[in-house]
Amino acid sequence: QVQLVESGGGLVQAGGSLRLSCAASGFIFSINAMGWYRQAPGKQRELVATITTGGSTNYADSVQGRFTISRDNAKNTVYLQMNSLKPEDTAVYYCNVPGRAAVAGRADYWGQGTQVTVSS
């Protein structure tokens, strides 16, 4: 059974940094791309960043240059380093396999997420 456990969120002032972690289990982590997603209050969940099995990365325009996604296949963990945080980055952050994330209506495909709150 796939399990995704996000951690590392918290309350930070604008301009600050946080590092999120996502521990994955129940599937072969090293052969799957991974992504970070976020959902702000009253908004739909959106893609933040992805990383392929080979380490290639892509970012949403809103976080380009501020966030860095990385992975450690030995630890089955994907990370999101967030710098220069802005109040609009406030959201619950989730990780997932992009193929699972694309399936609508499956709340069971997601972990509990980690709350990031950026104060102005």
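Residues numbered from 1 in each chain as written. Predicted model: local features only at pLDDT ≥ 70, side-chain atom pairs only at ≥ 80, totals over all residues. Heavy atoms only, no water.

Our focus in this paragraph is the environment of Gln1. Counting through the fold element by element, Gln1 comes out in the segment before strand 1 (3-7). Note: C-alpha distance between Gln1 and Gly26 (25 residues apart in sequence) is 4.8 Å. Setting aside residues up to four positions removed in sequence, Gln1 forms contacts with Ser25 and Gly26. (Helix = DSSP H or I, 4+ residues; strand = E, 2+ residues; numbered from the N terminus. Contact = heavy atoms within 4.5 Å.)

This part is about the packing of aromatic side chains. Under the counting rule described, the total for this entry stands at three aromatic pairs. Look at Tyr37 and Trp110: their rings are 5.3 Å apart centre to centre, the planes differ by 90°, and that puts the pair in the edge-to-face class. In this pair, Tyr37 is assigned in strand 4 (residues 34-39) and Trp110 in the loop between helix 1 (98-101) and strand 10 (114-119), connecting sequence segments 73 residues apart. One exposure class covers both Tyr37 and Trp110, and it is buried. Relative to Trp110, the ring of Tyr94 has its centre 5.7 Å away and its plane inclined at 75°; by these criteria the two rings are edge-to-face. In this pair, Tyr94 sits in strand 9 (residues 91-96) while Trp110 sits in the loop between helix 1 and strand 10, placing the two residues 16 residues apart along the sequence. An aromatic cluster is present here, built from Tyr37, Tyr94 and Trp110 joined pairwise through their rings. Cation over ring: Arg19 sits above Tyr79, and NZ or CZ is 4.0 Å from the ring centre. The cationic tip of Arg100 hangs over the ring face of Tyr109; the distance from NZ or CZ to the ring centre is 4.4 Å. (Phe/Tyr/Trp six-rings, centres within 6.5 Å; stacked < 30°, edge-to-face > 60°. Buried < 20%, exposed > 50% of the residue type's maximum accessible area, 1.4 Å probe, protein only. Lys NZ or Arg CZ within 6 Å of the ring centre and 35° of its normal.)

With five of six residues buried, strand 4 lies mostly within the body of the structure. Bridge count for strand 4 against strand 5 (residues 46-51) is five bridges, and the pairing is antiparallel. Paired with Arg38 across the two strands is Glu46, which belongs to strand 5. The turn joining strand 4 and strand 5, which pair antiparallel and follow one another in sequence, is formed by six residues; a positive phi near 75° is taken by Gly42. Sheet topology places strand 4 next to strand 9; five bridges connect them, and they run antiparallel. Opposite Arg38, over in strand 9, you have Tyr93 as the bridge partner. (Pairing = 2+ DSSP bridges.)

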